[in-house]
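Given next are the chains, with one letter for each unit.
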Amino acid sequence: MEKDMRYYVEISGWRMEQNLERRNELLSELTELYRKSERKDLCIIASGSSLNGAMAAENFLRKYSGCRVLLISPTEYLDYRREEAKEYFCIAISQSGCSTNTIQAVKGMREDGTLAIVLTGNLEAELQKDADYFIEYGVGNETVEYVTLGFSTLTEYLMLFALEVGKANGKLKDGAYQKLLEEIRISCRANSEMYRQAELFTRKYYREFLEMEKAIIISDGAGMGAAREAALKFGETLKIPALYYESEEYIHGPNMQLTPEYAVFFIDANEKHNRMQEIFAATGLVTDKIYMVTNKKTEFSERVCSVEIPVRNEVTPLFTVVLFQYIAAVVTMEKNQFKCHPLFEKFEEKIHCKTENYMKRNRKESKRCADM
């Protein structure tokens, strides 16, 4: 099978199950560094899908690690919160290992005498020369620009790390640890099932997704990281305006822009109530293009993509993001929309977010996709 974007979405569940089994191997170095450090609280420095993956794991990290968690971008670290970050056990993340802003942040960490620990999917990347510790988190080298596998495996990795930190801090007893581990396992399998559901769902609403021109993604709780990643994927692949909002924030103003042309997606994994389903139904009075991703039973028989599994909200990003990844992969390929507007090249000549080596490799990959 061609290793395109859809391929990486399809294998995500399988790869996450593999990583769960080899978690000791993947986590041993980072866990040992944490135990030896004099820092209890965690600071994660990342951007793009890496930051979104950290956001998807944030609720899990906060609830089960037994420590404070700070998530910041490299710019926020360098320009605004550098002194504060010195008090934390810091982890920088760059899946490609070629993000220029993360490279600068890692250099800043070393200047401050902060141990420069980097999680990556590319052990051959330029960033390795600036890092004290360069750790591959289980994604391998995802060879397409618009990453999907990297988001899911990073979210899982950080959840598994939270379990080890929680155990080290005395937050988690063995029973709770094992129960959470099993919910992660169930959610990895749910990722593969959600892929199958996404295939059917996309086939059913194929024309609507092909014609989609603007989208809003709604969620709450742990789903906010998945919603942010969904908005990023739609923006960079389908090249349409895509916004994300927390459910109650959505109805406090952003909903006023709705017209029948809008596509609105809901991620509902809230165990406490069904308020979002009420908002879903109300949105359907304005636009027919409403869609829901959930692990709950619903009263709706149409426009719902679901895998019904009883897991807590904190682990659901391991599978709720799949539909968005699949739509982005399939529709972008079908519309041959990988190539940006010709004027975008002028932007890229002025502003770079990746190293030159990455840009050269990506130009070759973009040409290959355009020729397919």
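For the structure given in this document, a descriptive report is provided here. Each residue is numbered by its place in its chain's sequence as written, counting from 1. At least 70 in pLDDT is required for a residue's local features to be given in this predicted model, at least 80 for side-chain atom pairs to be given and counted, and no such filter applies to totals for whole chains, interfaces and linings, which use all residues. Heavy atoms throughout the structure, all of them, feed into the side-chain values; hydrogens and water do not.

Moving on, we get to the overall build of the chain. A run of DSSP states H or I qualifies as a helix once it reaches four residues; a run of E qualifies as a strand once it reaches two. Both are numbered from the N-terminal end. Tallying secondary structure elements over the chain gives 17 helices and ten strands in all. Based on C-alpha atoms, the radius of gyration is set beside the globule rule, defined as 2.2 Å times the residue count to the power 0.38. Scaling as 2.2 N^0.38, a compact globule of 372 residues should have a C-alpha radius of gyration of about 21 Å, and the chain matches this with 20 Å. By principal-axis analysis of the C-alpha atoms, the chain measures approximately 55 × 50 × 40 Å. Only protein chains enter the calculation, and the probe is 1.4 Å; a residue is then buried if its accessible area is under 20% of its type maximum, exposed if over 50%, and partly exposed in between. Evaluated residue by residue, the chain yields a buried proportion of 56% over its 372 residues. Contacts: residue pairs with any heavy atoms within 4.5 Å of one another. In the chain, the proportion of contacts linking residues at least 24 apart, taken out of those at least 6 apart, comes to 74%. By element, 49% of the accessible surface of the chain is carried by carbon and sulfur atoms, the whole surface being about 16500 Å². Positive charge is attributed to Lys and Arg, negative charge to Asp and Glu, and no charge count is given to His or to the chain ends. We put the charge of a Lys on NZ, of an Arg on CZ, of an Asp on CG and of a Glu on CD. On the chain, the mean spot of the 50 positive side-chain charges and the mean spot of the 57 negative ones are 2 Å from each other. Areas reported here follow the Shrake-Rupley algorithm with a probe of radius 1.4 Å; residue values treat only the protein chains shown as occluding.

This part is about the sheet that holds strand β4 (residues 117-120). By this definition, two strands are paired if DSSP reports at least two bridges between them. Taking strand neighbours across the sheet as the criterion, the five strands line up as β2-β1-β3-β4-β5 in an open arrangement whose pairing is parallel. Of all the strands in the sheet, just β2 (69-72) and β5 (133-136) have a single pairing partner and so form its edges. Neighbour-to-neighbour, the strand axes of the sheet open up by a mean angle of 25 degrees, direction not taken into account. Sheet topology note: the strand β3 (residues 89-94)/β4 ladder contains three bridges and is parallel. Bridge pairing links Ser94 to Thr120 in β4. Here an axis means a line fitted to C-alpha atoms, over the contact stretch when the element is a helix, while the angle between two N-to-C directions is reported on a 0 to 180 degree scale. Relative to β2, helix α4 (residues 48-64) is tilted by about 165 degrees, and along the sheet it contacts β1 (42-45), β2 and β3. Of the strands in this sheet, β1, β3 and β4 touch helix α7 (residues 100-111), which is tilted by about 155 degrees from β3.

The values reported here are purely geometric and, on their own, carry no functional implication.
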